[in-house]
Amino acid sequence: MMMELSADESAFRDAVRVFVAGNLPAALRQKVERAQHLGREDFLAWHKILHAKGWIAPGWPVEHGGTGWSPMQRHIFDDELATACAPQIMPFGLSMVGPVIMNFGNDAQKAHYLPRILSGEDWWCQGYSEPGAGSDLASLKTKAVRDGDHYVVDGAKTWTTYAQFADMMFCLVRTSSEGKRQEGISFLLMDMKSDGITVKPIRTMDGGQEINEVFLDNVRVPAENLIGEEGKGWTYAKFLLGYERTGMATIGRSRRQLKEVRKIAASEPLGEGTLSDDPKFREKAAAIEIDLLALESLVLQVLAEQSAGANPGPESSFLKIKGTEIQQALSELLLEAVGNYAHPFVPEALEHGWNEEPIGPAYAAAAAPHYFNYRKTSIYGGTNEIQKNIVAKMILGL
Amino acid sequence: MDIMLSDEQRLLKESVERFIAGEYGFEQRKSWVEGGAGYSPENWATFAELGWLALPLPEDHGGLGGTLGDVAVLMEGFGRGLVVEPYLATVLLGAQIIADAGTDAQKVDILPRVAEGQMKLAFAHTERQSRYDLTDVKTEAKAGSGGFTLNGQKSIVFGAPDADLLVVSARTDGGQRSAEGLSLFCVAPDAAGLTVRAYGTQDDHRAADLTLENVEVDASALIGSAGEAFPTISKTVQRAMIALGAEAVGAMDVLNELTFEYLKTRKQFGAPIGAFQSLQHRAAEMLMAHKLSRAMVFRMAKASADDEALAQAASATKVQIGQAGKFVGQQAIQLHGGIGMTHEYAAGHYFKRLTMIDALFGTTDHHLSSYATSSFISS
């Protein structure tokens, strides 16, 4: 089923579609379609194309470079980009630290960082989790000690997505161990080229390399890189969690993947016909599609509420939980769909420019790695269990 | 403020919620259910006064011309109170069929009386063998001199025991499972040859099984054109499925409220049981099921223009509601423990209604299978 669009919305969708068709480089589209690994330049190339068009930050206020689109337009935009196999727009600058700087940064910070986020000049990464602080984030130990007009930072961050590409890191650090744990946390911006920062890659079970450990060894960070007030970092981090959660639902990407799985099923032989004749398979796909419809309905509701100025309620957690459940269910269905050819592991086939004859159908190479990789979705961004804790606190207040 | 609703819908929501909270208490409901008609005729008169019976009916015939979205608002409110008055049977099924396919004379005769609360209808379609296949009809109508003779059997006809007029489907042509050849007739409940076996249902509604043995009706009893009733039947039922989804959403909401309150107050092991994480997560999942269902139902109520879209929207809604309703219902009983099992306590009654909603117009599995077939065609 498709969204019901007004005439204006259809015209907008067509305009986005025409732009993407004319401006998304074919090589990039192909990489995304084949689920190959994207490099820094791949992400940035698309980022810069959207930036040049003025479409890089639809969620931002117009005065900071946003588009002024309605919630429905933003949803259509996301959907069109995903459908067209455009690379994901990295959230670390645009959806995470950007809004924090906008709301809690000083004028100098806004003037310096916001344009560089828009242009893609600074690639940001998120320094939250630590080896000893995952779901219990407030137990973080990385210490920042004031020394003149600098902070000296010592500690380690982990699971840091694309730290290897990053120019900057926004970081939660402990500036005090007095009082409540949350009250001793501050929000600090760091240049990744600073002395004392070491990035060590963590290879994941799918063979990919997205995440890293980041060691911080006597790193001197200018005090002007502190966001807001010392000790208020937890508040800013919580604000960030409530911002732009509709993107976590990844409706467009999931819809494209569902279409892809059905296409694969139609070409996988089964008896006299294909896998898509199998009622059990069809029902699994239908069940995911219905879940996706319900989630999309909730996204549209939340977008409308946001534009009316409502604070995010438990819905933001639900978008994360259900969105990732759907992503995982799809990755599972894809794995089932490719059947025997889930087995061969040819890491080079996931890199762009690999020109050899694929083993089995070309679409099979990424199926199992994608399934393995997507177990991350219910873990990152606050595990789905943590999301349920948050909701329970809201509704039960215990 | 409920951003998904128009200003008028917000007023309607306030009005129905005020009625349910003020006039439709659990104990009062019990006395109505156990009384003669199985519901409150006074409430029915109130529904007429408030314009609820007229809501979706055409303006030319005493109706308000409301949309399916408006109906969903009302039905959500009804779900909150577990309303037993025969609204679905009379307004959403019987009167909708007359409005959609009836002759001018039938519309003029029937619709204003429904709107004013003077006439209750029931839709007799399902048969013993048909399960959830809307095309499967064995009841026959033979054309004779000046009318038709009906023979056959109808199952689980909601609202039939107290209906003033029955809308009965029968085959004038075609094989047992053909979408062609179906016709609809107005049949008086006291017609000669009609046997009404009335009973109560698990969720306190009233229904009947009908036997038609040489029931004679006039030619003027034919609703619309002979043999062309199927599109009206399927469209009416599909719209009713979405409305029923809204009722389920209202019921889930109340069941969640009851359960969350219980988790906060019931103490075991020296703490409110809501302090235990396994129950906290269950509560979060119950709320998620409700929120997703509500967003889905109200969106589908707004959408659904062409027939293919309506069929898919109705099936998708039924699957969502079926799964969510079962989850919320079962967990509400589980989290309440023993008290949830009792007849005295409201939770069980909401659970029973949600369960029966799944069994009405096709179960989750039935609609998942329909959706799977149609979505592969359209994708």
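Residues numbered from 1 in each chain as written. Chains lettered and ligands numbered in written order. Predicted model: local features only at pLDDT ≥ 70, side-chain atom pairs only at ≥ 80, totals over all residues. Heavy atoms only, no water.

**Q** Let's hear about the overall build of chain B: which residues, and what values?
**A** The helix and strand inventory of chain B stands at 11 helices and 10 strands. Projected onto its principal axes, the C-alpha positions of chain B cover 80 × 50 × 40 Å. Relative to its 379 residues, chain B shows a buried fraction of 60%. Across chain B, contacts joining residues at least 24 apart in sequence account for 74% of those joining residues at least 6 apart. When the accessible area of chain B is evaluated, it comes to approximately 15,100 Å², of which 50% is carbon and sulfur surface. Of the charged side chains in chain B, 32 are positive and 46 negative; the average position of the first set lies 8 Å away from that of the second. (Helix = DSSP H or I, 4+ residues; strand = E, 2+ residues; numbered from the N terminus. Buried < 20%, exposed > 50% of the residue type's maximum accessible area, 1.4 Å probe, protein only. Contact = heavy atoms within 4.5 Å. Areas by Shrake-Rupley, 256 points an atom, 1.4 Å probe, with all protein chains shown as cover. Lys, Arg positive; Asp, Glu negative; His and termini not counted. Charge placed at Lys NZ, Arg CZ, Asp CG, Glu CD.)

**Q** Describe the overall build of chain A, with residues and values.
**A** In terms of regular secondary structure, chain A is built from 12 helices and 9 strands. Its C-alpha radius of gyration of 22 Å places chain A within 12% of the 21 Å reference for a compact globule of 398 residues. Dimensions of chain A, computed from C-alpha atoms along their principal axes, come out at roughly 75 × 50 × 45 Å. A burial count over chain A gives 51% of its 398 residues as buried. Split by element, the accessible area of chain A, about 17,600 Å² in all, is 52% carbon and sulfur. Separation between the mean location of the 40 positive side-chain charges and that of the 51 negative ones in chain A comes to 2 Å. (Rg over C-alpha atoms; globule rule 2.2 N^0.38 Å.)

**Q** Lay out the pattern of salt bridges in plain terms, naming residues and giving numbers.
**A** Within this structure, the stated rule accounts for 41 salt bridges over all chains. A salt bridge links aspartate 136 of chain B to arginine 177 of chain B; the nearest nitrogen and oxygen atoms lie 3.3 Å apart. On the criterion of sequence distance, the pair formed by aspartate 136 of chain B in the loop between β1 (121-124) and β2 (140-144) and arginine 177 of chain B in the loop between β4 (165-171) and β5 (182-187) is long-range, its members being 41 residues apart. A relative accessible area of 55% places arginine 177 of chain B in the exposed class. Taken together, the salt bridges that share partners define one network made up of Asp79, Arg255 and Glu296 of chain A together with Arg299 of chain B. (Salt bridge = Lys/Arg side-chain N within 4 Å of Asp/Glu carboxyl O.)

**Q** Talk me through the domain arrangement of chain B; I want residue IDs and the actual numbers.
**A** Reports of interface size often rely on the accessible area that becomes lost once the parts have come together. Residue and element names in this part refer to chain B. For chain B, the assigned domains are domain 1 (7-87 + 99-118), domain 2 (122-227) and domain 3 (231-378). Spacing between the C-alpha centres of domain 1 and domain 2 amounts to 24 Å. With 15 residues of domain 1 at the interface, the matching set in domain 2 holds 13 residues. Contact between domain 1 and domain 2 buries roughly 940 Å² in total, counting both sides, with carbon and sulfur atoms accounting for 46%. Applying the counting rule to domain 1 against domain 2 returns 1 salt bridge. Across the salt bridge formed by arginine 29 and aspartate 204, the nearest N and O atoms sit 3.2 Å from each other. Connecting domain 1 to domain 2 are 8 residue pairs in polar contact (both at pLDDT 80 or more). When contributions to the side of domain 1 that touches domain 2 are tallied by element, the ones reaching two or more residues are α2 (26-34) and α6 (104-115). (Domains from an automatic or database assignment. Buried area = accessible area lost by both parts, 1.4 Å probe. Polar contact = N/O pair within 3.5 Å; in protein donor to acceptor, adjacent residues only side chain to side chain.)

**Q** Requested: an account of the interface of chain B and chain A, with residues and values cited.
**A** The interface is formed by 38 residues belonging to chain B together with 39 residues belonging to chain A. For the pair chain B and chain A, the summed buried area comes to about 3,400 Å², and 72% of that belongs to carbon and sulfur atoms. Along the contact surface separating chain B from chain A lie 3 salt bridges. As a salt-bridge pair, lysine 388 of chain A and glutamate 285 of chain B come within 2.6 Å of each other at their nearest N and O atoms. Run the count over chain B and chain A and you get 9 residue pairs in polar contact (both at pLDDT 80 or more). Among the elements that make up the side of chain B that touches chain A, the one with the highest residue count is helix α8 (residues 277-302) of chain B (14 residues).

**Q** Break down the environment of valine 302 of chain A for me, with residues and values.
**A** Residues and elements named next belong to chain A. On the secondary structure map, valine 302 appears in helix α9 (residues 279-307). Distance from valine 302 to proline 71, taken between C-alpha atoms, is 8.9 Å for residues 231 residues apart in sequence. If sequence neighbours within four positions are ignored, valine 302 has contacts with Thr246, Glu315 and Leu319.

**Q** Account for the nonpolar core, naming residues and giving values.
**A** Among the nonpolar cores identified, the biggest contains 165 residues, and Phe78, Tyr87, Leu150, Leu166, Phe185, Val187 and Phe361 of chain B are the most heavily contacted of them. What phenylalanine 78 of chain B contacts, discounting residues up to four positions off in sequence, is Val16, Phe47, Trp52, Val83, Tyr87 and Glu247 of chain B. Counting residues in hydrophobic clusters, the runner-up holds 73 residues, among them Leu50, Trp124, Tyr128 and Leu216 of chain A. (Core = buried A, V, L, I, M, F, W, Y, C linked by side-chain atoms within 4.5 Å.)

**Q** I'd like a rundown of unusual backbone geometry, residues and numbers included.
**A** All names here are of chain A. Despite not being glycine, alanine 35 shows a phi value in the positive range, around 55 degrees. The exposure class assigned to alanine 35 is partly exposed, which follows from its relative accessible area of 38%. A positive phi angle is found at tryptophan 159, which is not glycine, with a value near 60 degrees. By the secondary structure assignment, tryptophan 159 is in the loop between β3 (150-157) and β4 (168-174).

**Q** Give me the lowdown on the packing of helix α10 (residues 315-338) of chain A against helix α12 (residues 384-396) of chain A, citing residues and values where you can.
**A** Residues and elements named next belong to chain A. For the pair α10 and α12, the least separation of the axes is 9 Å and the interaxial angle reads 150 degrees. Between α10 and α12, the angle is such that the two are roughly antiparallel. Here the hand of the crossing between α10 and α12 comes out left-handed. Contact with α10, carried on its side by Ser317, Phe318, Lys320, Ile321, Thr324 and Glu325, involves Asn384, Gln387, Lys388, Ile390 and Val391 of α12 and no other residues of that element. Grouping the constituent residues of the contact of α10 with α12 by class yields 4 nonpolar, 4 polar and 3 charged. (Axes fitted to C-alpha atoms, helices over the stretch in contact; angles between N-to-C directions. Parallel < 35°, antiparallel > 145°, perpendicular 65-115°, else oblique. Left-handed = near helix turned anticlockwise from the far one by under 90°. Nonpolar A, V, L, I, M, F, W, Y, C, P; charged D, E, K, R; others polar.)

**Q** Hey, could you go over the side chain of serine 374 of chain B for me, with residue numbers and the actual values?
**A** Residues and elements named next belong to chain B. Considering the arrangement of structural elements, one finds serine 374 in helix α11 (residues 364-378). Exposure remark for serine 374: the relative accessible area of 16% places this residue in the buried category. In contact with serine 374, other than residues within four places in its own chain, are Glu308 and Gln312.

**Q** Outline the environment of valine 299 of chain A, listing residues and values.
**A** Looking at where valine 299 of chain A falls in the secondary structure, it is placed in helix α9. Overall, the relative accessible area of 2% leaves valine 299 of chain A in the buried class.

**Q** How would you summarise the state of the cysteines if you had to cite specific residues and measurements?
**A** All names here are of chain A. The full count for this structure, using the stated rule, is 0 disulfides over all chains. Here cysteine 125 stays free of any disulfide, with the sulfur of cysteine 171 as its closest cysteine sulfur at 8.2 Å. Its relative accessible area of 0% is what places cysteine 125 among the buried residues. (Disulfide = S-S within 2.5 Å.)

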